[in-house]
Every structure is written in structure tokens, then in C-alpha cells.
Amino acid sequence: MAGVNSSNLTTALDELTWADRDAATTGSKTRGSSELGKEEFLKLLVTQLQNQDPLNPQSDTEFISQLAQFSSLEQMSNLNSAFANSSAYSMVGKEVIVQEIDSAGRVTEVQGTVDFVEIRNGEAYLSINGKSYSMDDLVMVMDTYYAVQAYLPSIEQQTLDYDAENSRPVKVRINLGKNGYEASSVAVVINGQIIDKDYLSYSDGVLTISPEILNKLGTGSYYVGFYFDDPFSTTITDKVVLNIKNDNPATEEPEEPDAEDPENSEAVNPDEVIPDDDTEENGETGEVEGEA
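Parameters and conventions
- Residues numbered from 1 in each chain as written.
- Predicted model: local features only at pLDDT ≥ 70, side-chain atom pairs only at ≥ 80, totals over all residues.
- Heavy atoms only, no water.
- Pairing = 2+ DSSP bridges.
- Helix = DSSP H or I, 4+ residues; strand = E, 2+ residues; numbered from the N terminus.
- Axes fitted to C-alpha atoms, helices over the stretch in contact; angles between N-to-C directions.
- Phe/Tyr/Trp six-rings, centres within 6.5 Å; stacked < 30°, edge-to-face > 60°.
- Buried < 20%, exposed > 50% of the residue type's maximum accessible area, 1.4 Å probe, protein only.
- Contact = heavy atoms within 4.5 Å.
- Salt bridge = Lys/Arg side-chain N within 4 Å of Asp/Glu carboxyl O.
- Core = buried A, V, L, I, M, F, W, Y, C linked by side-chain atoms within 4.5 Å.

## A closer look at the sheet that holds strand β1 (residues 95-101)
In a beta sheet, neighbouring strands pair by backbone hydrogen bonds and run either parallel or antiparallel. Pairing within the open sheet is antiparallel, and its five strands lie in the order β4-β3-β2-β1-β5. Edge strands, defined here as strands with exactly one partner in the open sheet, are β4 (131-134) and β5 (138-142). Between one strand axis and the next, the sheet turns by 45 degrees as a mean value, whatever way the strands run. Two elements, strand β2 (residues 107-120) and strand β3 (residues 123-128), share six bridges in a ladder whose sense is antiparallel. Opposite Val117, over in β3, you have Leu126 as the bridge partner.

## A look at the packing of aromatic side chains
Overall, the coordinates contain two aromatic pairs when judged by the stated rule. Here the aromatic rings of Tyr151 and Tyr181 are separated by 6.0 Å at their centres, their planes lie at 15 degrees, and the arrangement is stacked. Of this pair, Tyr151 sits in the loop between α4 (144-148) and β6 (158-163) while Tyr181 sits in the loop between β7 (170-173) and β8 (186-190), placing them 30 residues apart in sequence. Residue Tyr151 is classed as partly exposed on the basis of its relative accessible area, which comes to 23%. On the basis of relative accessibility, which here comes to 24%, the residue Tyr181 falls in the partly exposed class. Members of the aromatic cluster, connected to one another through ring pairs, are Tyr151, Tyr181 and Phe232.

## Brief notes about the side chain of Gln158
Considering the arrangement of structural elements, one finds Gln158 in strand β6. A relative accessible area of 4% means that Gln158 is categorised as buried. Residues contacting Gln158, with those up to four places away along its chain left out, are Lys171, Val172, Arg173, Lys239, Val240 and Val241.

## So, the pattern of salt bridges
This structure, assessed with the given rule, holds four salt bridges. Notably, a salt bridge pairs Glu100 with Lys131, separated by 3.0 Å at the nearest N-O pair. With Glu100 in strand β1 and Lys131 in strand β4, this residue pair connects regions lying 31 residues apart in the sequence. Taking relative accessible area as the criterion, Glu100 reaches 24% and is therefore assigned partly exposed. Notably, a salt bridge pairs Asp102 with Arg106, separated by 3.1 Å at the nearest N-O pair. Looking at Arg106, the relative accessible area reads 54%, which means it is exposed.

## Comments concerning the nonpolar core
Grouped together as the largest cluster of nonpolar side chains are 27 residues, with contacts concentrated most on Ile190, Leu214, Phe226 and Leu242. Of all elements in the fold, only β6, β7, β8, β11 (206-209), α5 (211-214), β12 (220-228) and β13 (235-245) reach the threshold of two or more residues within this core. Leave out the neighbours within four places in its chain, and Phe226 touches Ile155, Val172, Ile174, Val186, Ala187, Val188, Leu207, Thr234, Thr235, Ile236 and Val240. Counting twelve residues, the second largest nonpolar core, distinct from the first, contains Met91, Val110, Val114 and Met135.

Structure below.
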């Protein structure tokens, strides 16, 4: 630049560099040594004006050009800031991962849901698990379902064998979930039929299927379906294959209804009782008397 004392300008640049280094040692956010922001640009411009050669001052044209560059830089900076803040607002409700650095320089990752976003001194901060993190600390944004997949009920790939001659229970390893996404119950379906809970038992991650129900299935391979009641209603139908060897599957014979069994008799509506002939002849009403 014409008419500028190069030694004084070099000194000013050194001061800016050392100021950036001092800010870095105190933990303040900096743009890095290879980038200059609008504040640094303004300091350079003021230093240039203060150190002009009186015998060869800077021309108005060059001064106005530099001011225009400064204005353009400021507008770009404001636009970037507005865009960053707008992006931060869209993080609310999202599952994210942020990094934090302790005093010893160790980096740890924190995962959680963004509760709200606040702007402090033009910088966006995300509130995660009751603590604020700068938008600059954000390293990953995840879909809610993707983020909780590790907590949902799951079943690993398994191939199980059952021989009707041995009649041993079949045991399936299942995971009911955790961290608030666990299931409290699961329905099991084999060959399109829901297995009654009387034939199932669960303990320590193992679901046991009784031989009594398996003996009703003929020889063949069957996929076992699992339907959990977790918040996402997880359904798994392609992980467990059951190979059954049974040449004489048991068949259920329909039981004849017992007239004396109240469970097998149809319910009678007292209002629809029709008196028999003897009742009509004796003039009785057919009402049942209760104890006084």
C-alpha cells in the first residue's frame, strides 16, 4: 500500500498475531492464525492510516476501495452468523453429539437431545442434558430412531432345532431394551399363530417355548416373529429360524360342551325367560325368589 511505514505496519501485524495467541491460551474462541476477521481487518486499516507518509499520502480511491472491502467482509460475516444461528434453531429436539475439552486437553463426547437454543454475544449455544455447549462443539446430528436403536429391543440371528422325540424346550436369546425404551412384554408368532402365554416363560434374557405347543407343528422350518410393546412397537420376524422334526404333529380334538359347565353354556338373559307349560298352568310367574 502506498505511503505506509512498513516497519510500523509490521509491528501492528505482530501485535495482532500475539493477541490471537494470547486469546488461544486463555481458552477464547479464535479463527486461527491463517484467517482474519472484521476486527483484525479494521485494526489493519486504522494502523495503515496512522502510519501514512505525509509526503506521499494514500489516495482517496484506494481508501474508499478498502472501506468497500471492509463493508463486504462485515456483511458476509453477519450473513454467516445469521445462517449459523438459523441452523442452531433447527437442532431443537434432535439427538446430537458434541465434544468438550477439559483443562488437560482431553476430548470427551456427550450425546443427548437438544432441549433449547440460546444466543449469547452473537453465538449459538445448545442446551443438552442441562448443560450449554457452543454450536462449534457440534460433531454429529442423528435421526431420533437411529439414535435410540441401541436401546430398543433386539434379537440376534439364531437357528434353533426341535425334535419331537426329545421334547426339550426351545430357548431364544432376546433383549428387551434399556434406558426407557425397553419392552414389558412380547408376543410370539409361529406359522401365523400367536403362541399363548401359558407356553412361554422369560428369565435373564432367555425366552423359553414349551414343547407342548411345538409338538403341534409338523416337520419344517419356521420363522419366529416377535412383537414388542416398547415405545416404537419393535417387530422382528427374520432373525430366528426354528427347524422342527415331527412326523406326527399333535392335533386338537374339539371338546363337547358340558351343560353343567358355566363356561361352556350360553349366557341367559333373565328378561328373556319363557315360562314352561307347567308354570302357566299353575299360574306361577317364573321369578326367582331371593332371600329377604
